[in-house]
Amino acid sequence: MTEYMYTVIREYPDGSWGKRKRKYYSSKPKLKVGELYVHLGSRFPGMQRVL
C-alpha cells in the first residue's frame, strides 16, 4: 500500500503563515501542492496550505 506524505503549514485569514510545518499522511493522493484546505482533520484545524 502506498502512503502519501504532505508538508502543511497553517495559514491565517490575513495571509500570514504559522511558524511550524507539519506532516500530513494519506493513503490516497487527494491534496494538490500550493492549495489551501480547511479542516483536514482533528490534528489540523483551521486553514492549511500544502507545501
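Just so you know, these numbers come straight off a predicted model, no measurement behind them.

Rules used throughout
- Residues numbered from 1 in each chain as written.
- Predicted model: local features only at pLDDT ≥ 70, side-chain atom pairs only at ≥ 80, totals over all residues.
- Heavy atoms only, no water.
- Phe/Tyr/Trp six-rings, centres within 6.5 Å; stacked < 30°, edge-to-face > 60°.
- Helix = DSSP H or I, 4+ residues; strand = E, 2+ residues; numbered from the N terminus.
- Lys NZ or Arg CZ within 6 Å of the ring centre and 35° of its normal.
- Core = buried A, V, L, I, M, F, W, Y, C linked by side-chain atoms within 4.5 Å.
- Buried < 20%, exposed > 50% of the residue type's maximum accessible area, 1.4 Å probe, protein only.
- Contact = heavy atoms within 4.5 Å.
- Salt bridge = Lys/Arg side-chain N within 4 Å of Asp/Glu carboxyl O.

The next subject is the packing of aromatic side chains. Summed over the entire model, instances satisfying the criterion amount to two aromatic pairs. Between Y24 and F44, the aromatic rings sit 5.4 Å apart at their centres with planes inclined by 80°, giving edge-to-face as the arrangement. One end of the pair, Y24, is in strand 2 (residues 17-26); the other, F44, is in the loop between strand 3 (36-38) and strand 4 (47-50), and 20 residues separate them in sequence. Three or more aromatic residues joined by ring pairs make a cluster, and in this case those are Y6, Y24 and F44. Taking NZ or CZ as reference, R22 lies 5.1 Å from the ring centre of F44, over its face.

Below, the discussion takes up the nonpolar core. Among the nonpolar cores identified, the biggest contains eight residues, and these are Y6, V8, Y24, L31, Y37, L40, F44 and V50. Other than its neighbours up to four places away in sequence, V50 contacts Y6, T7, V8, L31, K32, V33, G34, E35 and Y37.

Attention shifts here to the pattern of salt bridges. One pass over the full model with this rule turns up one salt bridge. Note that E11 and R49 form a salt bridge whose closest N and O atoms lie 2.8 Å from each other. One end of the pair, E11, is in strand 1 (residues 4-11); the other, R49, is in strand 4, with 38 residues separating them in the sequence. In terms of burial, E11 and R49 fall into one category: buried.

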